[in-house]
Every structure is written in structure tokens, then in C-alpha cells.
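Commentary on secondary and tertiary structure
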Amino acid sequence: MVYVVKDAADFDSRLEAAGEKLVVVDFFATWCGPCKVIAPKLDEFQNKFSEKIVIIKVDVDECEDLAAKYNISSMPTFLFIKNKEVVDQFAGANAEKLQSFITKHSE
């Protein structure tokens, strides 16, 4: 199950809990059409790669401080975090690209 963070402290605790796993962060908005389109794929990838990754979602309207911290300007934007460090990112609802980034960074 993909987890939606409540605030910055919740986000930090999720990064901490992930340990060595790749954390895929989906910065989204409830009013964003492409975000709704990609959402089912996130659940699919979480199940498919559950041993290697953790997917969390950040609502940019609820967590403006996190969106500002990571300079999020378009939705969806995906951040790939390993050991609490951002290793990659891209914007757009591209499921194939998302899967290739997950594969690349979770090896």
C-alpha cells in the first residue's frame, strides 16, 4: 500500500524507517489529472518491488514546506531517495520511465 505522508516529521520518519530501501516519493495534487492516471501504477510497483522499495506520496497542497524544500514546481514529480539522499528525480506521469528509474536505483 502506498502511504500518504501527513507532514514533514512523518516524511522524515518514513525515510528513516526505509533503511537501505529506495524511497520513491510522488509529489502530487488532488486536482492533478496526470497524478490520478499514474496512481494505480504506484500501487502496482509497490507490490511488484516490495522487497526493494518504499513508495510514499506527498500532497503538495497539504505539505507545502516539503514541496518548497525539494523545489517541486510540477506534478507529479518523482524523487528517488536512498539513505536520505536524493539520487534522482523527474516530472511527469510516465509509468515506463518510473519503472526504469525504480529498476536502476533499487539494484
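Worth saying up front: this structure is predicted, and the values here are computed from it rather than measured.

Turning our eyes to something else, we now look at helix α1 (residues 8-18). Of the positions making up α1, those classed as buried are Asp-10, Phe-11, Leu-15 and Ala-18. All buried residues of α1 fall inside an arc of 140 degrees around its axis, so they share one side. Facing away from the buried side of α1 by over 90 degrees, the exposed positions are Ala-9, Glu-16 and Ala-17. Close packing links the buried residues of α1 with β1 (3-4), β2 (22-28), β3 (53-59), α3 (64-69) and β4 (77-82). Of the residues flanking the start of α1, the one acting as N-cap is Asp-7, its side-chain oxygen 3.2 Å from the backbone nitrogen of Ala-9. Phi for Gly-19, located one or two positions after α1, is positive at around 60 degrees.

Time to look at the sheet that holds β2. Sheets are built from strands paired through backbone hydrogen bonds, the pairs being either parallel or antiparallel. Taken together, five strands build an open sheet; the order of strands is β1-β3-β2-β4-β5 and the sheet is mixed. Each end of this open sheet is capped by a strand with a single partner; those strands are β1 and β5 (85-91). Sheet analysis places β2 next to β4, joined by five bridges and oriented antiparallel. The residue bridging Val-24 from the neighbouring strand is Phe-80, located in β4. Running at roughly 175 degrees to β3, α1 makes contact with β1, β2, β3 and β4 of the sheet. Each of β2, β3, β4 and β5 is contacted by helix α4 (residues 95-106), which is oriented at about 165 degrees to β5, the strand it contacts most.

With that settled, consider the UniProt feature "site: Deprotonates C-terminal active site Cys" (unreviewed entry) in the protein chain. Following the UniProt record, one finds the feature "site: Deprotonates C-terminal active site Cys" (unreviewed entry) at Asp-26. Of note, Asp-26 is situated in strand β2. The class for Asp-26 is buried, based on a relative accessible area of 0%.

The rules behind these values
- Residues numbered from 1 in each chain as written.
- Predicted model: local features only at pLDDT ≥ 70, side-chain atom pairs only at ≥ 80, totals over all residues.
- Heavy atoms only, no water.
- Buried < 20%, exposed > 50% of the residue type's maximum accessible area, 1.4 Å probe, protein only.
- Helix = DSSP H or I, 4+ residues; strand = E, 2+ residues; numbered from the N terminus.
- Arc of directions from axis to C-beta.
- Contact = heavy atoms within 4.5 Å.
- Polar contact = N/O pair within 3.5 Å; in protein donor to acceptor, adjacent residues only side chain to side chain.
- Pairing = 2+ DSSP bridges.
- Axes fitted to C-alpha atoms, helices over the stretch in contact; angles between N-to-C directions.
- UniProt positions renumbered as here; feature names shortened; annotations may be inferred.

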